[in-house]
Amino acid sequence: MEFRPLHDRVLVRRVESEEKTAGGLIIPETAKEKPQEGEVVSVGEGARDDSGNRVALDVKAGDRILFGKWSGTEVKVDGQDLLIMKESDIMGILT
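Residues numbered from 1 in each chain as written. Predicted model: local features only at pLDDT ≥ 70, side-chain atom pairs only at ≥ 80, totals over all residues. Heavy atoms only, no water.

1. Notes on the side chain of Ser 42
Along the polypeptide, Ser 42 turns up in strand β2 (residues 37-43). Of the residues examined, Ser 42 reaches a relative accessible area of 14% and is grouped as buried. Reaching out from Ser 42, the side chain makes a polar contact with the backbone oxygen of Phe 3 at a distance of 3.4 Å. Those residues in contact with Ser 42 that sit more than four places away from it in its chain are Phe 3, Arg 4, Pro 5, Val 10, Leu 11 and Ala 61. (Helix = DSSP H or I, 4+ residues; strand = E, 2+ residues; numbered from the N terminus. Buried < 20%, exposed > 50% of the residue type's maximum accessible area, 1.4 Å probe, protein only. Polar contact = N/O pair within 3.5 Å; in protein donor to acceptor, adjacent residues only side chain to side chain. Contact = heavy atoms within 4.5 Å.)

Printed below as a string of structure tokens:
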């Protein structure tokens, strides 16, 4: 199944968090925080401005992004846990 977000929404796959700390301690699954970093899977066509013109998104599929801790809605697509969020929830693109 293929999923394409509408308007200014973005489909994101979370990047897996580290299993160990910098000092070598193993972090148990229950103590891990969900990562705030992800990879854009697909994007919508963009929102419309007041005059009806489409405003393109600044992110594209494949971009690595940072987003807020509570951003997005969790969904399951083809067995994968993904997030759908508005472009405004994205803080920046990692280069």
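2. With respect to the pattern of salt bridges
Applying the stated criterion to the full structure yields 8 salt bridges. A salt bridge links Glu 74 to Arg 14, with the nearest nitrogen and oxygen atoms 3.7 Å apart. Of this pair, Glu 74 sits in strand β6 (residues 73-77) while Arg 14 sits in strand β1 (residues 9-14), and the two are 60 residues apart along the sequence. (Salt bridge = Lys/Arg side-chain N within 4 Å of Asp/Glu carboxyl O.)

3. Structural notes on the sheet that holds strand β5 (residues 64-67)
With respect to topology, 6 strands assemble into an open sheet ordered β6-β7-β1-β2-β5-β8, the strand pairing being antiparallel. In this open sheet, the two strands that pair with only one neighbour each are β6 and β8 (90-94). Across the sheet, the axes of successive neighbouring strands diverge by a mean angle of 45°, strand direction being ignored. Note: β2 against β5, 3 bridges, orientation antiparallel. The residue of β5 that forms the bridge with Gly 38 is Ile 65. (Pairing = 2+ DSSP bridges. Axes fitted to C-alpha atoms, helices over the stretch in contact; angles between N-to-C directions.)

4. Describing the pairing of β2
Where β1 and β2 come together, 5 bridges link them in antiparallel fashion. The residue of β2 that forms the bridge with Arg 14 is Gly 38.

Keep in mind these values describe shape, not function.
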